[in-house]
Amino acid sequence: MTRPPMPDHRPDRVALWRHLRLFRRDILSAQPAKLYRAKMAEFRLPFLQSVMVNTPDLVRLVLQERAGDFPKSGRVREGLRPLLGNSVFVTNGATWARQRRMIDPAFEGGRLRDSFPAMWDATESMAVRLTQGPQEVEAITSHAAADVIFRTLFSVPIEDAAAAEVYQSFRAHQRAAPILNLAAVIPLPRWVPRPMPRAARVTARRIRALITGMTEARAAAIGAGTAPDDLATKIMTTRDPETGAVFETSEMVDQVAIFFLAGHETSASALAWALYLVATHPEWQAELAREAQALRPHIGGPAPDFGILRQFPRIRDTVREALRLYPPVPMMVREAANPETFRNRPVAPGAQVIVSPWHMGRNAHIWPEPHDFRPERWAQDSTRAQARDGYIPFSAGPRVCPGAGFAMAEAVLILARILADWELRADSARVPVPQAHMTVRARDGIWLDLRPRN
Ligand code: HEM
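Now for a description of the structure that goes with this document. Fair warning: this is a prediction, and the values are worked out from it, not measured in the lab. (Residues numbered from 1 in each chain as written. Predicted model: local features only at pLDDT ≥ 70, side-chain atom pairs only at ≥ 80, totals over all residues. Heavy atoms only, no water.)

## Overview of the overall build of the chain
Part 1: Looking only at helices and strands, the chain features 17 helices and 12 strands.
Part 2: The proportion of buried residues among the 454 residues of the chain is 56%.
Part 3: Taking as baseline every contact in the chain between residues at least 6 positions apart, the subset at least 24 positions apart corresponds to 76%.
Part 4: Of the accessible surface of the chain, which amounts to about 18,900 Å², a share of 54% is contributed by carbon and sulfur atoms. (Helix = DSSP H or I, 4+ residues; strand = E, 2+ residues; numbered from the N terminus. Buried < 20%, exposed > 50% of the residue type's maximum accessible area, 1.4 Å probe, protein only. Contact = heavy atoms within 4.5 Å. Areas by Shrake-Rupley, 256 points an atom, 1.4 Å probe, with all protein chains shown as cover.)

If you want it as structure tokens, here you go:
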């Protein structure tokens with residue numbers, strides 16, 4: 001006998017521990033199916049109220065219209081502080097607003113164009129490293145995305161000694177760190193200390209020491225007038241329009257840490273899943289490969305104009321669709337500052353409010369065939385209207401990802417470059433299982449066979 005559907009105003013009640021366990025093990029298939037239809041879910045916790053909002057109006061309320069009343073959760077901040085200090089990712093209020101005023105100009109349209117040659121060089125380097133045969137592609141995309149960040153931020157390739165060490169330390173940190181978002185909703189009272197594991201503290205300290213060295217060297221170069229014109233110089237010389245001050249070097253270290261983390265992990269995840277989706281849709285892949293040939297005259301040469309990306313509309317739509325199905329940041333956690341009422345249910349001050357790009361992207365009320373890979377949907381006006389409501393892989397509102405345009409450009413370029421040279425085949429015996437780590441990763445990696453394209 002099937003259970004009658006819940007009345008609309010009654011949020012689903014889900015046992016949190018079960019949900020978290022499933023989320024970690026396999027986000028895709030172990031989710032209670034009703035969560036893709038639920039308008040709101042409330043988790044049963046002994047000490048803490050936790051609600052997941054799942055309708056466009058509630059998501060808009062929390063992320064945009066009243067974002068100030070739903071600050072970043074203190075629990076998330078606690079977990080990230082050893083690595084990220086007071087970076088823009090974890091701050092709130094006036095400190096956060098000041099940091100965004102100084103960071104955002106570095107990612108505006110014109111600057112993106114300036115970053116493109118460094119992105120191009122990283123992509124060309126990746127192309128040289130690619131080899132024929134079955135391989136795990138998350139390792140490839142992670143390496144490439146880290147190279148993009150080092151080159152655009154500090155004008156150094158990943159082969160640079162300090163850059164290589166930061167990259168290796170980040171990988172070690174990832175293995176040692178607790179699973180980021182989930183730690184924030186664990187049902188323990190606030191007074192229970194939840195220290196970062198020792199191994200993760202060591203890697204966090206090492207990363208910060210390396211980044212401090214790079215940032216101090218850059219501050220000296222700026223002082224001497226010898227600094228390259230890259231993102232680090234741009235951010236470190238941008239004056240707060242309200243106070244005229246620039247970032248202190250120590251504050252800049254915090255920002256650099258989040259650029260590496262937010263900029264490299266996420267793009268690597270998005271690209272790896274996009275490659276998997278393309279590999280499992282051979283006809284679409286053939287169309288993309290034809291589109292990608294527009295790169296051919298430029299391969300091995302200097303970067304073409306940034307405008308070349310306009311020649312890859314289908315590849316762009318493929319990235320959009322991959323971000324809908326496998327959003328690298330699967331959950332965002334906020335905290336209710338005041339008493340609220342959501343869908344006739346009281347939400348207490350201090351309650352954790354979870355916004356889930358994973359569930360919104362597969363929400364059956366918003367997307368036709370929500371679990372299917374249908375990149376052609378992005379060519380339709382109706383999809384763009386749905387995207388306004390339910391498409392939040394980069395979040396939305398004042399805390400929207402400042403690197404969204406950068407990440408889209410990077411993903412389109414890298415995908416086009418791979419498809420120009422290689423045919424991708426998936427192995428039906430190795431279907432990747434998505435898991436929530438710092439980003440959505442595959443449990444045993446994503447294995448694809450690369451064959452030279454004729
Ligand atoms: C596909 C790639 C990316 C995805 C899916 C992504 C997604 C997101 C999301 C969902 C948030 C909001 C998190 C929250 O509010 O809890 C965020 C914030 C942020 N992202 Fe990205 N991101 C990507 C790439 C980048 C890149 C390339 C950079 C920089 C180079 C970047 C820098 C940041 C920063 C600094 C924040 C914090 C913004 C704030 O809190 O005001 N991201 N990103």
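Still to come is the rest of the account.
## Side note on the coordination of the iron atom of the ligand
Part 1: You will see that the iron atom of the ligand has only one donor from the protein, Cys-401 (SG), lying 2.3 Å away.
Part 2: Relative to the assigned elements, Cys-401 resides in the loop between α16 (381–390) and α17 (404–421). (Donors = N, O, S within 2.8 Å, 3.2 Å for Na, K, Ca; no water.)

## As for the pattern of salt bridges
Part 1: Within the structure shown, the criterion is met by 28 salt bridges.
Part 2: Salt-bridge contacts for Asp-104 lead to Arg-100; the nearest nitrogen and oxygen are separated by 3.0 Å.
Part 3: We classify Asp-104 as partly exposed; its relative accessible area is 27%.
Part 4: Here Arg-314 and Glu-287 are joined by a salt bridge, their closest N and O atoms 2.9 Å apart. Within this pair, whereas Arg-314 is found in helix α14 (residues 313–325), its partner Glu-287 is found in helix α13 (residues 282–292), the two being separated by 27 residues in sequence.
Part 5: On the basis of relative accessibility, which here comes to 30%, the residue Glu-287 falls in the partly exposed class. (Salt bridge = Lys/Arg side-chain N within 4 Å of Asp/Glu carboxyl O.)

## What about the site of the ligand?
Part 1: Not every one of the 26 residues close to the ligand is listed here, only the nearest: Trp-96, Arg-100, Arg-334, Arg-399 and Cys-401.
Part 2: Measuring from an oxygen atom of the ligand, one finds a side-chain N or O atom of Lys-72 at 3.3 Å.
Part 3: Within the side chain of Arg-399, one N or O atom sits 3.0 Å away from an oxygen atom of the ligand.
Part 4: Those elements that provide at least two residues to the shell around the ligand are α5 (93–103), α12 (249–279), β5 (332–335) and α17.
Part 5: Among the elements that make up the shell around the ligand, the one with the highest residue count is α12 (6 residues).
Part 6: Its residues placed into classes, the shell around the ligand shows 17 nonpolar, 5 polar and 4 charged. (Near = heavy atom within 4 Å. Polar contact = N/O pair within 3.5 Å; in protein donor to acceptor, adjacent residues only side chain to side chain. Nonpolar A, V, L, I, M, F, W, Y, C, P; charged D, E, K, R; others polar.)

## Observations concerning the nonpolar core
Part 1: Counting residues in hydrophobic clusters, the biggest one holds 126 residues, and the most contacted among them are Phe-150, Leu-153, Phe-260, Leu-309 and Phe-342.
Part 2: In terms of residue count, α12 provides more of this core than any other element does, 18 residues in total.
Part 3: If you look at the next biggest cluster of nonpolar residues, it comprises 7 residues, including Leu-35, Ala-38, Ala-41 and Ile-354. (Core = buried A, V, L, I, M, F, W, Y, C linked by side-chain atoms within 4.5 Å.)

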